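# Notes for the structure review
If you want the building blocks of each chain, they are given just below.
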Amino acid sequence: MNRTIIRLSAQAVLGRRRGIVLVLVPVALLLLAVVVRLLTDGDVGFQATAGLGLTLALPLVALLASSAVLGPEVDDGSIVYLLAKPVSRHVVVVSKYATAWATTMVLGALPLALAALVLDPSLGRRALALGLGGAVAGTAYSALFLALAALTRHAVVVGLLYTLFWEGVLGSLLAGVRWLSVGAWGRAVAGEVSPLLADEASTGLVYSLVAAALVTLVTVWFAGDRLRSFTLRGDE
Amino acid sequence: MTDPSAATPEGRSVIHDLGYRPYTGPRLGQGAIARSLVGTGLRNAFGLGRSGRSKVLPFALLALNLLPAVIVAGVMVLVGLDSLPIGYAEYASTTQVLVGVFVAAQAPVLFSRDLRHGTIALYLARPLGSGTYALARWVSLLGATLVFLVLPVLVLYGAALLSELDVAEQTRDVAVALGLVVLLALSLAGVAGLVASWSTRRGFAVVATIALLLIANGIVTAVQGIAGAEGRPRIGEVTGLFSPYSLYRGLMSAWTGVEAPTPPASTGMELAYVAVLVGLSAACLGALVLRYRRVATS
Amino acid sequence: MSVLRLEQTSRWFGNVVAVNGITMSVGPGITGLLGPNGAGKTTLIALMSGFLAPSAGAVTLDGEPVWRNTGAYRTLGLVPEREVSFGYLTGRQFVLANAELHGLRDPGAATRRALEVVDLLEPAGRRIGTYSKGMRQRVKLASALVHDPAVLLLDEPFNGVDPRQRLHLMALLRRMGAEGRTVLFSSHILEEVEQVARQIEVVVSGRHAASGEFGEIRRLMTDRPVQYVIVADDDRGLASRLIAEPSVLAVALRTDGGVDVSVSDFGAFALRLPRVAREHGTRILEVRPTDDSLESVFSYLVGG
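Within any chain, residue numbers begin from 1 and follow the written order of that chain's sequence. Chain letters start at A and ligand numbers start at 1, both assigned in the order the entries are written. Restriction of local features to residues with pLDDT of at least 70 applies here, the model being predicted, together with a cutoff of 80 or more for giving and counting side-chain atom pairs; totals for whole chains, interfaces and linings are based on all residues. Each side-chain value is derived from all of the structure's non-hydrogen atoms; neither hydrogens nor water enter the calculation.

### What to know about the sheet that holds strand E5 (residues 64–65) of chain C
Strands pair in a sheet through their backbones, by hydrogen bonds, and they do so in one of two ways: parallel or antiparallel. All names here are of chain C. Taking strand neighbours across the sheet as the criterion, the four strands line up as E2-E1-E4-E5 in an open arrangement whose pairing is antiparallel. Bordering the open sheet on either side are strand E2 (16–26) and E5, each of which pairs with just one other strand. Each pair of strands is called paired provided DSSP finds at least two bridges between the two strands. Helical segments are the DSSP runs of H or I of at least four residues, strand segments are the runs of E of at least two, and each set is numbered from the N terminus. Relative to E5, strand E4 (residues 56–61) runs antiparallel, the two being bridged by two bridges. If you follow Leu61 over to E5, its bridge partner there is Glu64. Sheet contacts for helix H1 (residues 41–48): strand E1 (4–13), E2 and E4; angle to E2, the most-contacted strand, approximately 55°. Should any heavy atoms of two residues lie within 4.5 Å, those residues are counted as being in contact. Helix axes are fitted to C-alpha atoms over the stretch in contact, other axes to C-alpha atoms as well, and angles between N-to-C directions run from 0 to 180 degrees.

As C-alpha cells, this is what we get:
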C-alpha cells in the first residue's frame, strides 16, 4: 500500500460534488429509517429499509467510490502521472481499493447497521448482522467495480446493470441468479449472524464468504494486471 | 543587371480576385439552428453519427428494453391469448431500471461533453442563445427517452392488433399509456439533464442520476408500503409525490386500474401528481437554462 | 548517463502501422523528435516510456526493457501531452505527491527544487484548476523533474506556452542536456527543434526518415537540389560559368544582385566553386545557403 496514492484517492472520492452525493445516499437511508420508525412501531418497515439499503444504497456507494478512485483518471489518461513511478501497479490498485473499500464500509455498510438500530435499538444482533452482511457484500462490490473501472469506460453503466438488472430484476425472477449475486451473499451472511434475517433461499455461509473473497481477490488482481498493461494513447 | 525600378513599375502589386466572396445569401435563424441541434442530439443519444463503440451501449439497452415486449408479442401470436399479459403503461414501470440507466447514461452525451471539453463556446459563438441551446439539448434527450419508452408500447400494440383484440379498447389503453409515458419522459429528461450539466464527469453523472431516481423511488415505495399496511393511505399518497417513478405508478394505477400501493384516490390528488411531474420537468428545464446562461456569461 | 535504445521497433493498431521498424539510440544531450502531426511521435514516446508494448522489436533503457518495468521510472521522467486532471490539488501538492511516489528521502526539498527550476514557486499554492496552459505545462515538467531523472521525455512540451516561457523552457532543456542528461522532446514545429536540439530524429508516417545533426542530414541529401545565393563582383559571368558545371542544376540572376544556384551534388560543388572563381578571376563576396535550415530538410523529407 502506498500512503500517497491513498491520500490522492481519498481526495478524489470526497471531492466536492461526488462527496455530497456519497454522503447523501446513507443520509437518505437513515432518514427513511427515522420516518419508518415514526410511522410504525419499527418492525413492519424493516424489510423495506434493509432491502433498500442492501440492494440499492450499498452498491451505489461502492460504485461511486470505486469509480471515483480509478474511473476519471483512466478515462482522461492522467493516471500516467501516478503510473510513471517506481511503484508496482498492483500496489497502486490495492491502495486505491483500500480507499474505495474504506469509503464503502463507512458510508455503505455502517449506515445499514445504524438504520437497523434506529428501527429497533433493542435488536442489536440484527443490526450487527445487517452491518456484517453489508461489509461482506461491500468488500466484493467495491473490488468488482474497481476492476470494471480498469476494464471499460462504461464501467459505471455496466456496474449499474449488474446490480440493478442482473441482481435486481433477474434475481427476483430466477432464483439461480443468487449464486452469482454479491448482494445475495451479503444477505446470506446476515442471515447466518441473526436468525431474524434468515432466508430459506440462502447461498449458505461458507459459499458466500468464499465467493466474496474469491471475487475480491481475483478482481483486485485483475485490475492491477490491467494497469500493468496501461497504454498511453494520443488524443482520439 | 536590370534596373529594379523598371522591373517593378508602379502599380504592379495587386491582389488578384480569385472569386472568394463573403456569403451574402439568406441565413437561417435561431429556429433552424435549434432544430438541427435537436436532430443531431437525438441521433447522438443513440450513438448515431458517433463512433461504433458509442452505439453499443444505447442499442444494447434498447434491445434489453424491447426484449420482453418482443417475447410477449411472440407468445401472443403463438398461443393466442385474449388479453395482453402486461399493460401498456405497466411496461415502463416494470422496466424502470433500464429506462433510468438509459436516460442517466445518455444525458451526459448531450449535456456533459460540451461543457467538459469547452466546445460549448463554439455553439454559443453562433447566433444561438444559451437558453435555446439548453432547450434544444433537453428536447433531444426528451425525444430519445420517448423513443426508448414508446417503442415497446408500439410492439405490444402491434401484437394486440395482430391477435385481433378489441381495437377501440386497445387504442384507448395505448393512448393513456402514451400520455403517461410522456409525463415520465418529461421528468426523467429534466432530472438527468440537470445532473449531467451539473457534473461534467460522465460516470459520476450516471450514478448520481440513478441514485437520485432510484433511491427516491425506493424510499417512497417503502413508505407507501408501510402506510398502506398501517391503514394510512393518505401518507402514502402524499409521499408518492416525491419521486418521478412513484408519480408515474400512482397515475398509472389511477388511470388504468393496475395495482399499486396507495395510488392517488381523489381527482385533486391526481391533478397534483400531474402538476408535480410537469412542474418538476419545468423546474429542471429552468435550472438548465440558468446553468447555461451562467456558463455563457462566465 | 543513460541510453534509450529502440531495436527494429514496430507498433501496429489493428491494420494501422503507427511505428514501423524504427531503430534509434537516444543518448545524453538533447534530441528533437520531429515529424508532422500523426507521424507517430506520441506512439514512439509511449513506447519509450513503457506505456505501450511494442508489437515487434524491443525498447530498452540501459539494456533493460521499459515495458512492464516500473523500476525504469527511477531514471526516467515523462512529460505527457495529457493535461493534468488533478485540478483539485495545488501545484505544490501535485509535485509533492510525485516526489513521494518516487520514494525520495526529502520530498519537500525535492518539490521546492523542482518548482524553482520551472519558475513556479510563487503560484504553487494555487489549485491547478486555476492555472493557465503554460503553468500547467510547467507543473507537469516539475512533476517529471522532481526525482532528478537521467532521462527526460517530453511530448510536445512547447504547445500552448507563450513565447517568453518558451524561451525559458528551451534554456532549461539546453541546460539539462548540457548536464549530460538524455533529453528527448517531440515537436512538429521546426523552429522549436532547431533552436534547442542539434541532434534530431525525423519521423514521417511511422518511419524513421532521418537521424543526426540536421546540417549533416541536409548535406547527406546530395541527390536533392540545394539552394545557394552567391554574390560576386561579376554575377553574370559567374553564372555563365557555373551552369557549365555538372553539379549545378540551375542558375538565376537575382534582381537585387547575386546569383541563385541550384546544386545537385553538394560535395562536388563545394570543391568546384572556388576553382571556377579562381580560374576566371572572379571575386566571390558572399556564399549563403538559402535553405540550410531544418525547414527545408523537413519539407524535402515530408514532400519526398
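### As for the UniProt feature "transmembrane region" (unreviewed entry) in chain B
All names here are of chain B. When the UniProt feature table is mapped onto this chain numbering, "transmembrane region" (unreviewed entry) sits at residues 56–79, 91–111, 132–162, 174–196, 203–227 and 271–290. The distance from the first to the last C-alpha atom of residues 56–79 is 33 Å, and the span holds 100% helix and 0% strand. Helix and strand shares over residues 271–290 are 100% and 0% respectively, and the end C-alpha atoms of the span are 28 Å apart. UniProt positions are given in the numbering used here, feature names are shortened, and annotations may be inferred rather than shown by experiment.

### A few points about helix H4 (residues 133–145) of chain C
What a helix should span is 1.5 Å times the count of its residues minus one. With 13 residues, H4(C) should reach 18 Å at 1.5 Å per residue; the first-to-last C-alpha distance of 18 Å fits that figure. Of all the 13 residues making up H4(C), 11 are buried; the element is thus mostly covered by neighbouring parts of the structure. Of the positions making up H4(C), those classed as buried are Gly134(C), Met135(C), Gln137(C), Arg138(C), Val139(C), Lys140(C), Leu141(C), Ala142(C), Ser143(C), Ala144(C) and Leu145(C). On the buried face of H4(C), the contacting elements are helix H4 (80–83) of chain A together with strand E6 (76–79), helix H2 (91–101), helix H3 (107–117), strand E7 (151–154) and helix H5 (163–178) of chain C. A 1.4 Å probe rolled over the protein chains alone gives each residue an accessible area, and that area as a share of the maximum for its type sets the label: buried under 20%, exposed over 50%, partly exposed in between.

### With respect to the layout of surface pockets
Only protein atoms enter the 1 Å grid used here, on which a cavity is any set of points holding a 1.4 Å probe that cannot leave and a pocket is any open set flanked by protein within 12 Å on both sides along at least five of seven lines; residues with an atom within 4 Å of a point are listed as lining. Grid points are joined across faces, edges and corners, and a volume is the space filled by probe spheres set on the points. In this model, the second largest pocket occupies a volume close to 890 Å³. Lining of the second largest pocket is provided by 32 residues; of these, Thr55(A), Glu167(A), Gly168(A), Val169(A) and Ser172(A) occupy positions nearest its centre. Of all the secondary structure elements, the ones that give two or more residues to the lining of the second largest pocket are helix H3 (46–76), helix H7 (155–173) and helix H8 (182–193) of chain A together with helix H4 (88–94), helix H5 (96–111) and helix H10 (202–229) of chain B. With eight residues, the single largest contributor to the lining of the second largest pocket is H7(A).

### Digging into the interface of chain A and chain B
Think of interface size as the accessible area that goes away when the parts come together; that is how it is often given. Each partner contributes residues to the interface: chain A has 31 residues there, and chain B has 31 residues. Defined in terms of a 1.4 Å probe, buried area is the accessible area two parts forfeit on being brought together, summed over both. Taken over both partners, the interface formed by chain A and chain B buries close to 2900 Å², and the fraction arising from carbon and sulfur atoms is 81%. Among the residues of chain A in contact with chain B, Arg17(A), Leu39(A) and Val157(A) are the three that bury the most area, contributing 21% of the side total. By definition here, a salt bridge exists when the distance from a side-chain nitrogen of Lys or Arg to a carboxyl oxygen of Asp or Glu is within 4 Å. Put simply, chain A and chain B have zero salt bridges between them. Here a polar contact is taken to be a pair of N or O atoms separated by no more than 3.5 Å, where protein atoms must pair a possible hydrogen donor with a possible acceptor and residues adjacent in sequence count only if both atoms sit in side chains. Our count for the chain A to chain B interface comes out at one residue pair in polar contact (both at pLDDT 80 or more). If you list the elements that add at least two residues to the side of chain A that touches chain B, you get helix H2 (16–39), H3 and H7 of chain A.

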